[in-house]
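Next come the chains, spelled out residue by residue.
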Amino acid sequence: MITALSVTDENGNSVLSCTAESMTMESEIIHLEQGDYQAQFVFLTSQERWDDYINQMQMEVLSEEDENPYEFAQNIQDHIGYSIKVKKELPFSYGRSFGVISGFVIGLLAVYIFCALTKKDDKVKCQFDERQELVRGRGFKYAFYTMIFWEAFIILLLLMEINLPADMVLILFVGLILGVCVYSGYCIWNEGYFALNENRKSVMIGIVIIGLINIGIGCMNIAEYGLLQDGKMTLKSLNLFGGLMMFVIFFVVLVKSIRDSKECANEESST
Amino acid sequence: MKNLRLKSARAALDLSQQELADRVGVSRQTINSIEKGDYNPTINLCITICKVLNKTLDELFWEE
């Protein structure tokens, strides 16, 4: 039996027609222009059906096989049809690629400036004592487990063919955000988050500002595009999740500071 | 196990946990964890603490 795939546009013109074998061998991405298309998987189970298909699609048979692939199943034919709607053409854009790369570089530069501004000394690098390094190591471990479980959970849902309510890129980013939350939360609670040469107040102000900016951008995106597009959350919701992460970190620092101030008062009174 | 000898040696010099931490070059929480027995410091940190408090390793960290 031979499986063939054909894609036709709204005028019935063939856009693509090939067999599954050639599709596997010549795996390539097809760029479709805006419009409606019909995709059809055809199961060709007889020589006649194969000949009809070749004629209909105006395909050229490049080689003839000696063995007859149709002998084992005669007069059985079936097909599966799909409708494809291409809403918007997304050609490769140098401008977009440049924007993504420059945004990444600017982000790195901003992190460097933030690190430099929040230090008590002239150094940019954070200094931690041995216990803090240990805590941070454990934090990394728990964050790693969190991300592994998240990825495994998503893979499980995909294997069960459950339709996820968000784009895959956003889902992957949420995994990263969860990992960062676990790492930050654990380190803050065990006093391994802030470096010895770091000004806590500056860091906290920075976290609040970054959180507010992200939530602001997230709200603007929702107001402009809506929370869901085609029933799914898109990458435009990422800022909202990023802002939420910043406020989770802020909240944990706040609770820890209150707890510490009480502990410090008790320690002073006992000595 | 709580390290009460470290705590008393620190109190004898009238140092707070934060002051001792600053002199040793660690966080206050690290000193607190050592005093509470939640963290076992490395030998290097033990030596630094001993030097700041003018004590020997035996006096502060040897378990009788």
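In this report, the structure presented in the accompanying data block is examined. All values derive from a computational prediction rather than experimental measurement. (Residues numbered from 1 in each chain as written. Chains lettered and ligands numbered in written order. Predicted model: local features only at pLDDT ≥ 70, side-chain atom pairs only at ≥ 80, totals over all residues. Heavy atoms only, no water.)

A few words on the overall build of chain B. Helices and strands together make up the secondary structure of chain B, namely 5 helices and 0 strands. Along chain B, helices and strands appear, N-terminal first, in the series α-α-α-α-α. For chain B, with 64 residues in total, the buried portion stands at 45%. Pairs at least 24 apart in sequence give 51% of the contacts found in chain B among residues at least 6 apart. If you sum the accessible surface of chain B, you get close to 3800 Å²; carbon and sulfur atoms cover 49% of it. (Helix = DSSP H or I, 4+ residues; strand = E, 2+ residues; numbered from the N terminus. Buried < 20%, exposed > 50% of the residue type's maximum accessible area, 1.4 Å probe, protein only. Contact = heavy atoms within 4.5 Å. Areas by Shrake-Rupley, 256 points an atom, 1.4 Å probe, with all protein chains shown as cover.)

Now for the interface of chain B and chain A. Interface size is often expressed as the accessible area that is lost when the parts come together. Listed as interface residues are 17 residues of chain B and, on the opposing side, 15 residues of chain A. Across the chain B/chain A interface, buried area totals approximately 1200 Å², and carbon plus sulfur atoms make up 50% of it. Counting the surface chain B buries against chain A, the share from its top three residues, Arg28, Gln29 and Tyr39 of chain B, is 38%. Taken together, the links from chain B to chain A amount to 0 salt bridges. Viewed at the interface, chain A and chain B are joined by 5 residue pairs in polar contact (both at pLDDT 80 or more). Of all the secondary structure elements, the ones that give two or more residues to the side of chain B that touches chain A are helix H1 (4-12) and helix H3 (28-36) of chain B. A per-element tally of the side of chain B that touches chain A places H3 of chain B first, with 6 residues. A class-by-class count of the residues in the side of chain B that touches chain A yields 4 nonpolar, 9 polar and 4 charged. (Buried area = accessible area lost by both parts, 1.4 Å probe. Salt bridge = Lys/Arg side-chain N within 4 Å of Asp/Glu carboxyl O. Polar contact = N/O pair within 3.5 Å; in protein donor to acceptor, adjacent residues only side chain to side chain. Nonpolar A, V, L, I, M, F, W, Y, C, P; charged D, E, K, R; others polar.)

The next subject is the side chain of Asn214 of chain A. Residue and element names in this part refer to chain A. With respect to the element layout, Asn214 can be found in helix H6 (residues 200-225). Within the structure, the side chain of Asn214 is placed 2.9 Å from the backbone oxygen of Ile210, a separation counted as a polar contact. Beyond its immediate stretch of four places on either side in the chain, Asn214 contacts Asn239, Leu240, Gly242 and Gly243.

Now for the environment of Phe247 of chain A. Residues and elements named next belong to chain A. Secondary-structure assignment places Phe247 in helix H7 (residues 238-270). Its relative accessible area of 27% is what places Phe247 among the partly exposed residues. Considered as a pair, Phe247 and Leu212 are 35 residues apart in the sequence and their alpha carbons are 8.7 Å apart. Phe247 has contacts with Val208, Gly211, Leu212 and Ile215, leaving out every residue within four places of it along the chain.

On to the side chain of Arg28 of chain B. Tracing the backbone through its elements, the reader meets Arg28 of chain B in helix H3. Those residues in contact with Arg28 of chain B that sit more than four places away from it in its chain are Asp260, Glu263 and Cys264 of chain A together with Gln17, Gln18 and Ala21 of chain B.

Here the focus is the packing of aromatic side chains. Residue and element names in this part refer to chain A. The final tally for this structure, using the stated rule, is 5 aromatic pairs over all chains. Relative to Tyr186, the ring of Tyr142 has its centre 5.1 Å away and its plane inclined at 70 degrees; by these criteria the two rings are edge-to-face. Highlighted residues: Tyr142 in helix H4 (residues 130-159) and Tyr186 in helix H5 (residues 168-189), separated in sequence by 44 residues. Lying across the ring of Tyr225, Lys236 places its NZ or CZ 4.5 Å from the centre. Of note, Lys256 hangs over the ring of Trp189, and the distance from its end group to the ring centre comes to 5.4 Å. (Phe/Tyr/Trp six-rings, centres within 6.5 Å; stacked < 30°, edge-to-face > 60°. Lys NZ or Arg CZ within 6 Å of the ring centre and 35° of its normal.)

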